[in-house]
Amino acid sequence: MLGPKDNREPVYSTYLAGMSDVWVELRAPRFVVHRHSAVLRCEHNVDPESLYKVVFFKHGQRIMKYVRGRDPPFELYNFTGADINLIQLTPTSITLERMDFSASGSYACEIALETPLYSKVSKLHELNVIVRQKYRPKIKIKHKKLSSNENLEATCQSAPAHPAPHLTWFINHMKVDERLIEPHGTWNVHRHHHGMPLSLTNSSLHFPLSSLQLFPNQTVEITCLSTIPSYANVGEGFADLQNHTVTVNVIRMEPPPTQLPVKIISPEQNSSNRCELRRALIVLCYLVYYFINRY
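Residues numbered from 1 in each chain as written. Predicted model: local features only at pLDDT ≥ 70, side-chain atom pairs only at ≥ 80, totals over all residues. Heavy atoms only, no water.

1. Here we look at the overall build of the protein
In step 1: For the protein, the helix and strand inventory stands at 1 helix and 21 strands.
In step 2: Among the 295 residues that make up the protein, the fraction classed as buried is 38%.
In step 3: Taking as baseline every contact in the protein between residues at least 6 positions apart, the subset at least 24 positions apart corresponds to 65%. (Helix = DSSP H or I, 4+ residues; strand = E, 2+ residues; numbered from the N terminus. Buried < 20%, exposed > 50% of the residue type's maximum accessible area, 1.4 Å probe, protein only. Contact = heavy atoms within 4.5 Å.)

See the structure below:
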């Protein structure tokens, strides 16, 4: 009869030479949304007719064991944090349903052959139960109109989640150099999801617009990407993703008008100049009078 068993039985681990070409791998999602399901598959390259035993582990403790030829062939062990779907149970896969936070941890599986006597354990696989963000991150910009030689200053705050999201900045769809970003860490908020405290992430951006070689009256798009985890998994993408984009206008800065140099004349200099001008006019009038009377 299928039922829970004690999971302290020694792990089957007899190894023989010449079986180095055998491989085994536990395939499962890295992140599962709280109360959702996950399928754990023990992949291998052993002929199914030669497969004798398959065991699934969490933190080194048995979850399920399959032994070919036994009646019943499956044994379940004490396991908390999720329900095992008995209908979908197979020799090489188990389905965990309604996963709670305690289901997070390191999982592995082991396959065993009877002839020859051999077993191999997969590498550990980390699985985490998460709480998604409910809204996009918030961007605050100090000035939405800037000249092309100014620095763009902005802050971004993620929505609460578990674990705390990772923030990535983009300018015109290009990832910003990390040296231009100032992380402010994560903060716990006064919100819980089924007893799990949620956290948010903050960071600041200090970006020189001069590095973009912009023309006046152009616009710049600033995007804050908030994700769990910090990078996308191959074949899976992000477990959770939110983003927010705002636009900044680059304005034309008119150069100051070009002016000829102006000489400043003091009142004394101005009076002296007037006297000299008066004397010059008198001399000019005398010369005109002289030439008229002579000829």
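2. Topic: the sheet that holds strand β2 (residues 24-27)
In step 1: Strand order in this open sheet of 4 strands is β2-β4-β9-β8, and the pairing throughout is antiparallel. Single-partner strands in this sheet number two, and they are β2 and β8 (83-84).
In step 2: By the bridge criterion, 4 bridges tie β2 to strand β4 (residues 38-44) in an arrangement that is antiparallel. Its bridge partner being in β4, leucine 26 is matched across the sheet by cysteine 42. (Pairing = 2+ DSSP bridges.)

3. A word on the environment of methionine 99
In step 1: If you trace the backbone, methionine 99 turns up in the loop between β9 (93-97) and β10 (105-113).
In step 2: Classification of methionine 99 as buried rests on a relative accessible area of 0%.
In step 3: For the pair formed by methionine 99 and valine 32, sequence separation is 67 residues and the distance between their alpha carbons is 7.9 Å.
In step 4: The residues touching methionine 99, leaving out its near neighbours within four places in the chain, are Val32, His34, Arg35, His36, Ser37, Ala38, Gly81, Ala82, Leu127 and Val129.

Functional significance is not addressed by these values, which are geometric in nature.
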